[in-house]
Structures are given as C-alpha cells and as structure tokens.
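# Overview (structure and organization)
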Amino acid sequence: MKNPLPHIIRGQTFWVSPQRVLYWEEENTMLIADLHLGKSGHFRKAGIPVPQGSQKADLQRLIAQLYFYKADRLIIAGDFTHSAANKELDLFLRWRRDFSGLQIDLVKGNHDILADDWYTEANIRVHTHTMRAGPFLILHDLKDQRKLSDEDKKLYQFAGHLHPGVLLKGLARQSMKLPCFYFTLQYGILPAFSRFTGQYIVKPGKDELVFAIAGDELTPLH
Amino acid sequence: MQQGESGLVNAPTGCGKTFSVFLGTIIRFINDHPENYQQLKNNGLLLLWITPLRALAADISRAMKSVFDELGLPWQTGIRNGDTSTADRTKQKKQMPEVLIITPESFHLLLAQKDYPSLFSNLQTIAVDEWHELLGSKRGVQVELALSRIVSLNSKVKSQKSESENSKNQNPNSKLSKLEVLSKPDQVNTEYFVHSVPNSVSSVVKKNILKTTSIWGISATIGNLDEAKEVLLSPLAQQGVIVKANMSKRTELLSIIPDEIEKFPWAGHLGIKLAHQVIPIIMQSRTTLIFINTRGMSETWYQTLLDICPDLAGQIALHHGSIDRELREWIEENLHAGKLKAVVCTASLDLGVDFRPVETVIQVGSPKGVARFMQRAGRSGHQPDAVSKIYFLPTHSLELTEAAALKNAMELDIIESRPPRILCYDVLIQYLNTLAVSDGFIPAEVLPEIRSTFCYRDMPDEEWERLMYFITEGGDALQQYDDYKKFDITGGHYKILSRKLAMRHRMHIGTIVSDAMLKVRFVSGGYIGVIEEYFISRLEPGDVFTLAGRNLEFVLIKEMTVLVRPSKAKKSIVPSWNGGRMPLSANLGKQLRETLNRALTPDSPELKALQPLFSLQAELSHVPSANELLIEQIETKDGFHLFVYPFEGRLVHEAMAAILAYRISRIRPISFSFAMNDYGFELLSDQPIPVDDTNVYELFTPDNLMADIQRSVNSTEMARRKFRDVAVIGGLIFQGMPGEKKKARHLQSSASLLFNVFSEYDPENILMRQAYQEVMDQQMEEVRLRDMLERIQESKIVLEFPGQLTPFCFPIKVDSMREDLSSEKLEDRIKKMTEGFTTKGTKEIHKGH
C-alpha cells in the first residue's frame, strides 16, 4: 500500500506512512525519530568521503511530508542530528527560515549533542528527557524507564533509538529484512527517518503490530 | 647478486632458499669492503627482508644473527611489525639496523613516517620472502607499491650523484602520457646496467659505491613462476633471473580411512570422529604437525586430542594467528628443540623456517589446492632425500575422493597458479594517504612510479583522475554545505596536515590482512589473544567461547578490548574465523572429476573405502563421469531443490548458480535461495523449478554469457560482500582507536549500509566499481565460465529425480552459505511471506484494522 494507513491509539488517529512518519490527525502533528541530520557531513569532515545524497534526500522527504500534511507541529523523538555541528546542518537552518510557522519539539537523544545556541537559532524547543502530549509520552530510548514518574508510565509511549526492522521469512529459506513501525499495547517505536541507518530486528509478539516498509509500500503484519 | 641483479629464487621448502638471498647480501658487502668489513658498524639499512607472517620474523632473525657471529660481522638485525615495541621503533629510527625484517603493512608504516627516504638511502637489497603467498593478495599489491617508491627514490639519489648530463628531465609538470611512462623505466634499466658493470670490477673508489637496490623474491613452486618474477621486478623494469634449486622431493600421501564408512558423516568440516585414529600416528613419530583449515576448528581439535589422550598434556600445543605472540614463540622454540609431540595449527605454520624434528604431517579436511598440500607435506622430512609423509584426514565421506585426486595431481606434477591482482584502487587510495601523511606527494611524480608496478601498469588516465578527485574532493558534494577537506595542496604537493587524520590513517594501514581484530584480556589482567570483531559482536555478555584452548566467558567490550573471565562451562561457542575457508582450485576440481570416473571401479584405498557411498549414490541417482554433468531435482518440505555438480570450486559455483538462477527466472517469475560448496550448487525455490531435458542445454549455453553475468551480478550479494573488504582498505570504514570513545562511534557504519548509500547516490564511485570488478575477476571470470559452459555443452547432462537426498547433495544442503535471487515483484514476495507471518494475538487495540 502506497498510502498511509490509519492506526487508532487511545482514541486518537495516527496515520502510518511508508515515508517513515507518523501523522497525528487530531493535533495536526507529525512525529518522526532518528533523522541523524549531518551524518554524511560528519563522516566527510573526518576525511571519509561518503556521498551527501542521502542526507539531501532525507531532508527533502521531510519537507515533502510537512507540505503534504500541512502540519503545525513536528515532534522528533530524538537523534535529530548525528554528531557535532557541520556545514550540512546549515542546509537545514536555511530551510528552517522558510518554515518559520512550524513548531518543532525535540526530545533529546544520545546523538543530540549540539550546543544550546544551535537549537535556539534553529527555533527548536528542546526537551531533555521526555515530553508529554495529550495521553502520550515521547522519549528517545524506551530503556530509560527509570527516569519516568509513575504518572508518566501510565501514558502511551512513543520512542525511537532502536531503528526497528522486521525479518520476513518465506518458504524455501527465503528471507528479507525491512524497516518497520512497531506497536505494542504500551508503546510504539518509530523507524529511523534517515535511510542512512542500520536496523535492529524486532520480533513482534502477541497483541503487537508491525508495519513493514518496502520502498514506497507499507505492509501491516499481525 | 654480486652484479646487482634481481630475480626470484625457487626451491622446495627445507633446502635453504632463505639463506641464498641473505648470504648474497653479505658476500656483496664483504666484496665491497674486503679489508675492513669486520670493523664497519652502523652501516645503515642494507637489507630489507619482507615476510608475510609476523610469526616468522623471530626465527629468521635468530638464524641471521648466528651467521653474523660466525663471520665476526658487527651487524644488527631488527624486527618491525605489529608486535614491535615503541622503544624498539624509536631505536630503529635513530639507527637503522643493517637488516630489518618487516611485514608489508609495517613497510607501509615506514613510508608514513616523516623523512622516510633517508632510512633507505644505503639499501642494497630488498628480499621478499614467501612471495607466492603475497602474490595474488592485496598485501602483494602493497609490496609492489612500496617497491616502486624505493626503487624510484634510490634511482634519484643515484642520478643526483652521477654526472648531471646523464640525468634526464624529471619534470613534475609533464603531461601524463603513456609513452613517457613507458620510456622512464627503460632509462632506469640502462642506468642500472652501466653502473653495475664498473661496480663488479673492483677498481671503483670505495667511498662512492653506487646504490643499486636489487630485489629478490623467494617463492615456493607455483604454476606461474615467470609471472611472479615479472610482477615483483616490474618497478625495476628488469628481466631478472629465476634461480631454481634442482632437487625434487618425494611425497607420500596416506589417507586415514574411517573404520566404518557407512557410519561416517556425509557432511561436515571437523572430522573429529577420526581423532582416535590420529593418536597412534602421533605416538609413532617424533613430532607431528596437524593442519586444520580454520582457527575455530583447531581449537576444537586441540581440546579433543587432550580429552582422548590425557598423556599428551604438556607435549601438545595449539598454534594459530590469533594466539598471543609470546606463546607462539614458545611453541616455535619448543618445536625446534623437539620437545613437542604434536602441534595443532592452521596456515600459521605453513610458511617459514623449518622445524627439523617434524617427521609427520596430518592434514585435516580438504587442503583445497595441490600447491598448499605439497607445501604442508614439505613441512616434514627435512633431511635432503627424505620422503615427506603426509596423512589426509577426511571431514566427511566424499572428501576421501579428494585424497585420490590429490595423488593423481602430484603424480602428474600439476600445481596451481597465483594470478596477480590488477588495479586495486582501494590499496592505491590507502597508499596515497600514506604518502600524504609523511612527506606528501606530487601526483605527476608518483604516477609513473605507480604505473611501473604490474598492478597499475594499465591504469587509464581517466581512472587516475577520478581517483584523485575522490580522495581530494570526496566525490561530488553539496558545495557550500560540505566540510570535506583532507589534503593540503601547496605548490602541487599533496599533504595531510591534520595530526588526527594522520594518526588515524597510520592506525588504519594494518587493516588489509584482518577484519577488525580485538584484543582479548581477562578482567583480572592477562592477555589471551585477538579475536574478530565480527564474531564478538554476535555474542551476549555471559556467552562462553573458546580461544587459545580455553573456555572464556564474555563480559564486555571496552576500548577495543574484549574482557573475559575463565569459565568452567562445558559448552562453548567456537569462533568461526572468516579467513579459513578457501575455495577448491580449478586444478584439483579437474582431478576430482576424473577421479570419479573410477568411482565404481576403484583402484585406490580411498575409492575402495567409499564403495558403499558410491553404490548408494548410483542407486538413488547417478555417479557422474568426467564427461557428464549431473543434475538432481528433489522435493523436500523446504521446497524444490535443484542440485548441479560441476566440481569447479565454490567461487565458480556461486557465479554459476547466480547465472542459472537468473536464466531460469526469465522463464517465469520465481524466487530462489541458493547455496554452494566445492562440488556443486543448489537452487531452492518454493515452486517447481522449470528445468527439464527440453531446456537444460539452453540454460547452460555460453551464448549471451557476458550480458547474463552483468545482470546476475547486479541482483546478488557478491559485490556487496566484496565491498566490505574494499571499503575497509579504501578508508571508508573507520574502526575506532584507543582513547577515542563516544565520538568515534559516530563515525562507524557498516559496509552493507555504505553499500546501500553508494548504490543509490554514487553508483559510479571508484570503490563501488572495484567491488564489482573483483567479482568479475575472481568469480565471474568470463573465460573460466565460458570454458565450463562449453565443457558442459559437449558433455552429457544427466537429469535425475531422486526420491530422497543423495550422498552428493547432502553436504550442500546442510552446510553452506546462502543467497537470494528473485524475479518476482517485491510486493508479491512480501505478500507470500506475510501469509506465514503471525503474532498470534487478539487485535482489539488496533481498531484501524
């Protein structure tokens, strides 16, 4: 399926998109995780000549999605940037000025190590560990549960960090690994938005749901 | 050697070929200084001794020192490799020993030092030991490049000293035309000749001895000795000579035949069931070397031998490349002294100085090639005219046919060639970075040197320009949004100024040989050895694995070191080292096909022992003769199998499987996974495979081969696999270094991910194209595939439909690597796979569905 599929969580409608974003209809908000902006630039600055094309494509895809949903707000569940500042991030800053109406919230991930000034300049609200939005809690790494209050723990959690993927096995020993969205009853893990990332294979259990992404196609598996 | 000539020394092991080159250097020195050679100290580096294995250095050094003592020569030897201490390095920097024993990687590390040319200014001879091992590998290419630099350096030193009228224009700005490149070596050649004549006449003024660096290779017998010499001497542009020892050694091959062949496994790699038959052989002979193909299996063998014969404790040792140096040296010393009854080893003891007490050699599993087998056999029976005795221990039944085939090959004197590597751009990129971190380079100056090597002699200008663009600009970039800047270019001089980048590069140079290797230490302190990161990365803390004959519990990885605890666990995971698996050579494959001719009329003990197996194969299916190709189609619960047995070796089978899968997939949409071993390959599908007597010859046609090769290579994993190696050597994969912690992780990326990124955004990248080219050169070699297909066209294709798995197909099915190829639509494949996918849950929460 090329079109996004609706998925209801705690009475709210989320559109799951093969473009690796989650669109929250009631709040007109887009959710992503693990963009790793500036990754190729970081490699290149260290003298490792990887192509920049994937970064440019990631950014373009993000912009296209924001236009498509006409979202008011973008929530990033961590690892927005990859490492120290580099010129690739300037490309984002230039684009940010054209989208000044958009509110951006970032819950810091382990890769988000830029100086505070940078986030101020980029007009990004930074949340150090978690952020609440309605009946939901956004954090980067699900493993950080002990930092949460009991009240937080009751909320449905959205996280990134894992770069989840799913292993499909067919007859005759055929197999395929695909990035995916991964939803359980308590939490949902977003695929890495950047395509310049690896995958961690998840094995969905009972009552759990996975949307596998193959190119432009989305396949729900349950 | 007295006349500054260069060449190649070839002789079987155990007859002093090592000494021939070494003594030549000394004699030359004594001739040059007949009166005072015993007084001259600190002469600078005279002989550079390149050896592929660190383990060999200590032995060679010891042997050389004893010669100095006897001659009263006040020379020093030094060792330079990954094990050399910083203190020794500093000492060497201040005063080079007369003889330096070095590995190819460390040779390049010397070139990465500031002011390195001065180290080589007195150099007379470069010896390349075990050249047959280096040739055909990227480390051999490293040697070629380093030689081209030294030869050029020393010919410049020389032309500065000779009359200026003779020295031709060395214009760095000259255009890079082929003609000039070709003409330069000729000029060097005549120079050498002119100068070497007066040099041999003793009337030359002694102070001004000209530095004619000569190059000598030392090689065991291989099929292409002349080419080996040509590659080595290419930078000198000399013909050189081949010095051949005129002695032949008799080798006797004895197979260890299982008592009950019916109960012996049809598949496997270990052969441990026959361990009890090894004990009497060990007991009967003074010292026995037991060669195992991979390090992991050698660990298991060592343990098993101790278990079944505890008396051997203290008299048996385990030797492989991952074991701590001190322990290795201890083993080698005790081997010399005859104190060890047996040593379980891998290729780590293939080479080098001979251990005289060794009387017997046991080869476990297929040696994969005639040359390797002969070399190993040569490790025993060192007295001239002694017979080398080698036992062959099969790891599964069919392997016994290999023993019969090896006997044939030895009788017929068939031996493999080692084709040299061509246009390895990854190694060249690494080399240019090496020059850039030391004294820098001028492209127009190094290009003719690079083209003086065999590897790069046909490099087109266009490729060179692409490569320079890639390393200086980092390929196409987003202009003002890019930070790539590696080289400082001042006055045409390319240099890396960043100390951090330079340090990182030096760390990186050794990576050609190995995957990322991590040190293994006890938590409480104490070094055990090294292990591949690939293996460790799949372990969870608490897992137990075996290294150096010990069971170890994995605790954690810290700063490139694996911390472990001793473990008493009975079960452990044995590391699978990637290095161990060699494909069968073409020669041995051919012998194997011919051996099968006699399968049902056996004339050797091996074939006789295999009678029950061949009868069963004949009953269920067919035993192919040399002019037949057997194809078996079998249906099991896994799906539909098609087995093909060309006996051409694993690499060729992988290529052939890909091409055949591609051709079948054009008949109708179908997905395959395929597997191969040295005897044949398997296509496996979830639907019947449309191959029958109406289309089978067509599927194996040599027509359109090139086009089909191109298409099938694009749709399989072969290039991706090659890219791993290429990306590491070419500097795309950063392995981290001590002291750099968190930030270093941000520079890590898997080769597979990089392969995806390059495939999508820079498919024409020079390293990508090299990965594909390596597949073409080594696996998809058109000539060999065409020969094979033509052979098949002329032979009889036998199609069988056995009702069950056969002895031939069993090893392929149970134990081999797998790949995919599909002509079905992605969505159809996913649909089929998802039908079997279930989370077995209620779906109340997911109201959207």
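Relevant structure appears above.
Thresholds, definitions, all that
- Residues numbered from 1 in each chain as written.
- Chains lettered and ligands numbered in written order.
- Predicted model: local features only at pLDDT ≥ 70, side-chain atom pairs only at ≥ 80, totals over all residues.
- Core = buried A, V, L, I, M, F, W, Y, C linked by C-beta atoms within 7 Å.
- Buried ≥ 20, exposed ≤ 12 C-beta atoms within 10 Å, placed from the backbone.
- Helix = DSSP H or I, 4+ residues; strand = E, 2+ residues; numbered from the N terminus.
- Contact = placed C-beta atoms within 7 Å.
- Nonpolar A, V, L, I, M, F, W, Y, C, P; charged D, E, K, R; others polar.
- Expected span 1.5 Å × (residues − 1).
- Axes fitted to C-alpha atoms, helices over the stretch in contact; angles between N-to-C directions.
- Parallel < 35°, antiparallel > 145°, perpendicular 65-115°, else oblique.
- Left-handed = near helix turned anticlockwise from the far one by under 90°.

## Notes on the nonpolar core
With 213 residues, the main nonpolar core has Trp49(B), Ile290(B), Val343(B), Val344(B), Ala661(B) and Phe674(B) as its most contacted residues. Of all the elements, helix H22 (residues 650–667) of chain B adds the most residues to this core, at 11 residues. Those residues within four positions of Val344(B) in sequence are excluded, and the remaining contacts are Ile290(B), Ile292(B), Ser298(B), Trp301(B), Tyr302(B), Leu305(B) and Leu318(B). Ranked by size, the runner-up nonpolar core spans 48 residues in total, among them Phe14(A), Phe80(A), Phe181(A) and Val210(A).

## Observations regarding the interface of chain B and chain A
Between chain B and chain A, the residue contacts involve 54 residues of the former and 50 residues of the latter. Elements with a minimum of two residues in the side of chain B that touches chain A: strand S23 (671–676), strand S24 (681–685), helix H27 (751–761), strand S26 (818–822) and helix H31 (826–835) of chain B. Examining the composition of the side of chain B that touches chain A, we find that 7 residues originate from one element, H31(B), more than from any other. A per-class count over the side of chain B that touches chain A returns 20 nonpolar, 18 polar and 16 charged.

## Looking at unusual backbone geometry
You will see that Asp34(A), though not glycine, has its phi angle at about 55°, which is positive. Within the element layout of this structure, Asp34(A) appears in the loop between strand S4 (29–32) and helix H1 (39–45). Residue Asp34(A) is classed as buried on the basis of its 24 C-beta neighbours within 10 Å. Here Leu423(B), not a glycine, exhibits a phi torsion of approximately 50°, which is positive. Relative to the assigned elements, Leu423(B) resides in the loop between helix H13 (399–411) and helix H14 (425–437).

## Concerning H22(B)
Think of an α-helix as turning once every 3.6 residues; residues three or four places apart then point the same way. For H22(B), with 18 residues, the first-to-last C-alpha span of 26 Å sits near the 26 Å given by 1.5 Å per residue. H22(B) sits mainly inside the fold: 15 of its 18 residues count as buried.

## Looking at the packing of helix H25 (residues 718–729) of chain B against helix H28 (residues 766–778) of chain B
Residues and elements named next belong to chain B. Where H25 contacts H28, the two axes come as close as 8 Å, and the packing angle between them is 120°. Overall, the two elements H25 and H28 adopt an arrangement that is oblique. The way H25 lies across H28 gives a crossing that is right-handed. Along the contact surface, H25 presents Met 718, Ala 719, Lys 722, Phe 723, Val 726 and Ala 727, while H28 presents Leu 767, Met 768, Gln 770, Ala 771, Tyr 772, Glu 774 and Val 775. Split by residue class, the contact of H25 with H28 holds 10 nonpolar, 1 polar and 2 charged.

Any functional reading would require information that these geometric values do not contain.
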